[in-house]
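Structural characterization, general
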Amino acid sequence: MNLATRTLTARVSFPNPKMQLLPGMFMTVQFAAAPGSDVLMVPSEAVIETGTRRVVMVSEGDGRFRPVNVETGAQSGGQTEIRSGLTVGERVVVSGQFLIDSEASLKATEARLK
């Protein structure tokens, strides 16, 4: 990979009946896993990546939430595969999870200072 341009030259062969694609053109390619068995998917924005772990916030009802460590897999179309950590039917926070995480961090810090 060319680190300056963040590009990579690749040779790809596929049908081009209307001749819209020409040699030497730049393109963006996304690889997606082939459809197969059922997998648990969540919106990608629901996953908080801390650098050392991946977390989703699960709603417990009554305005209560708990962080859950998850193992993620493939990402495609704004969805992320969850390999472990969640079960089907659990409700995850998609919007505002960073505020919940920040509030929890502040409360933990506050408790340590007392």
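The coordinates are above.
Residues numbered from 1 in each chain as written. Predicted model: local features only at pLDDT ≥ 70, side-chain atom pairs only at ≥ 80, totals over all residues. Heavy atoms only, no water.

Things to note about a nonpolar patch on the surface
Which entries qualify depends on this criterion: Each patch groups residues whose relative accessible area exceeds 30% and which form no salt bridge, using 9 Å between like charges and 5 Å between nonpolar side chains of Val, Leu, Ile, Met, Phe, Trp and Tyr. Residue burial considers only the protein chains on display, and all accessible areas are found by Shrake-Rupley using a 1.4 Å probe. Definition used for salt bridges: Asp or Glu carboxyl oxygen within 4 Å of a side-chain nitrogen of Lys or Arg. Segments assigned H or I by DSSP are reported as helices when at least four residues long, segments assigned E as strands when at least two residues long, and all are numbered from the N terminus.
Together, V12, F14, L21, L22, M25, M27, V29 and F31 give the surface a local cluster of nonpolar side chains, amounting to about 840 Å² of exposed area. Mapped onto the fold, F14 is located in the segment before strand 1 (40–43).

Concerning the nonpolar core
Counted only if it meets this: Side-chain atoms within 4.5 Å link the members of a nonpolar core, which is a set of buried Ala, Val, Leu, Ile, Met, Phe, Trp, Tyr and Cys residues. Using a 1.4 Å probe on the protein chains alone, a residue whose accessible area is under 20% of its type maximum counts as buried, one over 50% counts as exposed, and one in between counts as partly exposed. Working rule for contacts: check all heavy atoms of both residues, and any pair within 4.5 Å makes them a contact.
By size, the foremost hydrophobic cluster in this structure holds 8 residues: V42, V47, V56, V58, V68, V70, I82 and L86. Residue contacts for V68: discarding those within four places in its chain leaves R54, V55, V56, V58, G85 and L86.

Brief notes about the sheet that holds strand 4 (residues 64–69)
Keep this limit in mind: Whether two strands pair comes down to DSSP finding at least two bridges between them.
In space, the 3 strands of this open sheet follow the order 2-3-4, with antiparallel pairing throughout. The open sheet has two free edges, formed respectively by strand 2 (48–49) and strand 4, since each of these has just one partner strand. Here strand 3 (residues 54–61) pairs with strand 4 via 6 bridges, running antiparallel. In the sheet register, V55 faces strand 4, and the bridge partner there is N69.

Remarks on unusual backbone geometry
Its identity is not glycine, yet R6 carries a phi of approximately 55 degrees, on the positive side. By the secondary structure assignment, R6 is in the segment before strand 1. On the basis of relative accessibility, which here comes to 70%, the residue R6 falls in the exposed class. At D62, a position not held by glycine, the phi torsion is positive, near 55 degrees. Along the chain, D62 falls in the loop between strand 3 and strand 4.

Details of the pairing of strand 5 (residues 71–76)
Sheet topology note: the strand 5/strand 6 (residues 79–84) ladder contains 4 bridges and is antiparallel. Residue pairing for strand 6: E71 is matched across the bridge by S84. In this antiparallel pair of consecutive strands, strand 5 and strand 6, the connection spans 2 residues, and G77 shows a positive phi of 60 degrees.

Some details on the pattern of salt bridges
A side chain of one charge can pair with a side chain of the opposite charge if their charged atoms are brought near each other. Counted by the stated rule, this structure contains 5 salt bridges. One salt bridge connects R54 with E49, and the closest N-O pair in it is separated by 3.6 Å. Put simply, E60 and R64 hold a salt bridge, and the shortest N to O gap is 3.6 Å. A single salt-bridge network, built from bridges that share partners, covers E60, R64, R66 and E90.

Focus on the pairing of strand 6
When strand 1 meets strand 6, the two strands line up antiparallel, connected through 4 bridges. Its bridge partner being in strand 6, M41 is matched across the sheet by E81.

A few points about the sheet that holds strand 1
The condition is simple: What counts as an axis is a line fitted to C-alpha atoms, over the stretch in contact for a helix, and the angles between N-to-C directions run from 0 to 180 degrees.
Taken in spatial order, the 3 strands line up as 1-6-5 in an open sheet, and their pairing is antiparallel. Among the strands making up the open sheet, the edge pair consists of strand 1 and strand 5. Across the sheet, the axes of successive neighbouring strands diverge by a mean angle of 35 degrees, strand direction being ignored.

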